[in-house]
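Structural overview for review
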Amino acid sequence: SHRLGELLEHLLTLSRLEAGSAATAQQEVRWPVVVEQAMSDCLPLAERRRIELACDWAQGAGRSPLPLLGDPALLAVLLRNLLDNAVRYAPVGSAVLLRFGESRLEVENDGAALADEQLARLGERFYRPEGQDEIGSGLGLSIVQRIATLHGMNVRFARRDGGRGMRVTVGF
């Protein structure tokens, strides 16, 4: 089934990342290309749930957002997993925002706020907060954390300002 295939793909990705066999290709990351790929992967789910996907590029003084040497294919997986999660758990008909800054990227949605202990457990393998309608393996965020670590970045999970929804920050 589709779910099993997705689970296997996640497990394979995770084991390759942990074996370190996914030696990160070091090239300058062109974020617009990576974002376009990740967003187009998430579009079918977003359209099904009537979620608007938006990307906000911080306009620095001529500097590109989040300059990084890394592996664009892995970073596309990181973004796809973050966006996919945000879209799954956003209320139907709401929006998911991807925002770039000079030293980080953030993904936000407007779902019901998670409790502190749920926030603390996000990223644990197979952990999925209670009461979810959407199916998933609970591995997507473990993969996000591993890819971030390989690029020298960390991942933080928090409620948005105002206490609603979710904000995931990946950065230095």
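Residues numbered from 1 in each chain as written. Predicted model: local features only at pLDDT ≥ 70, side-chain atom pairs only at ≥ 80, totals over all residues. Heavy atoms only, no water.

This paragraph deals with the overall build of the chain. Scanning the chain for helices and strands turns up five helices and seven strands. The order of helices and strands in the chain, counted from the N terminus, is α-β-α-β-β-α-β-β-α-α-β-β. Residue pairs at least 24 apart in sequence account for 68% of intrachain contacts in the chain once pairs closer than 6 positions are excluded. Counting every atom, the chain has about 9,200 Å² of accessible surface; 50% of that belongs to carbon and sulfur. (Helix = DSSP H or I, 4+ residues; strand = E, 2+ residues; numbered from the N terminus. Contact = heavy atoms within 4.5 Å. Areas by Shrake-Rupley, 256 points an atom, 1.4 Å probe, with all protein chains shown as cover.)

If you walk through the whole model with that rule in mind, you get two aromatic pairs. Summarising the aromatic geometry, the rings of W31 and F100 are spaced 5.2 Å apart at their centres and angled 55° between planes, so their arrangement reads as tilted. In this pair, W31 is assigned in helix α2 (residues 31–48) and F100 in strand β4 (residues 95–100), connecting sequence segments 69 residues apart. Relative to F100, the ring of W57 has its centre 4.6 Å away and its plane inclined at 15°; by these criteria the two rings are stacked. Residue W57 is located in strand β2 (residues 52–57), and its partner F100 is located in strand β4; the two are separated by 43 residues in the primary sequence. Clustering of aromatic rings is evident, with ring pairs tying together W31, W57 and F100. (Phe/Tyr/Trp six-rings, centres within 6.5 Å; stacked < 30°, edge-to-face > 60°.)

Turning our attention to the pattern of salt bridges. Within the structure shown, the criterion is met by twelve salt bridges. R99 is the salt-bridge partner of E106, the closest N and O atoms lying 2.6 Å from each other. Residue class for E106 comes out buried when judged on its relative accessible area of 9%. Across the pair D110 and R164 runs a salt bridge whose closest N-O atoms are separated by 3.6 Å. Here D110 is found in the loop between β5 (104–109) and α4 (116–121), whereas its partner R164 is found in the loop between β6 (154–158) and β7 (166–171), with 54 residues between them in sequence. Through salt bridges with shared partners, a single ionic network connects D56, R99, R104, E106, E108, D110, R160, D161, R164 and R167. (Salt bridge = Lys/Arg side-chain N within 4 Å of Asp/Glu carboxyl O. Buried < 20%, exposed > 50% of the residue type's maximum accessible area, 1.4 Å probe, protein only.)

Attention shifts here to the nonpolar core. Membership of the largest hydrophobic core comes to 45 residues, with the highest contact counts inside it found for W31, L79, L82, L83, V96, L98 and L105. Taken together, the elements giving at least two residues each to this core come down to α2, α3 (72–89), β4, β5, α5 (140–150), β6 and β7. If one sorts the elements of this core by residue count, α3 sits on top with ten residues. Those residues within four positions of L83 in sequence are excluded, and the remaining contacts are A38, M39, C42, L53, V96, L98 and V107. (Core = buried A, V, L, I, M, F, W, Y, C linked by side-chain atoms within 4.5 Å.)

Attention shifts here to unusual backbone geometry. Notably, R50 is not glycine yet its phi reads approximately 55°, a positive angle. Structurally, R50 can be placed in the loop between α2 and β2. Residue R50 is classed as exposed on the basis of its relative accessible area of 56%. One non-glycine residue with positive phi stands out, namely L66, at about 40°. With respect to the secondary-structure elements, L66 resides in the loop between β2 and β3 (69–70).

A word on the pairing of β6. Burial along β6 is one-sided: the residues V155 and F157 are buried and none of N154, R156 and A158 is. One ladder, built from five bridges, connects β6 with β7; its direction is antiparallel. Residue pairing for β7: V155 is matched across the bridge by V170. (Pairing = 2+ DSSP bridges.)

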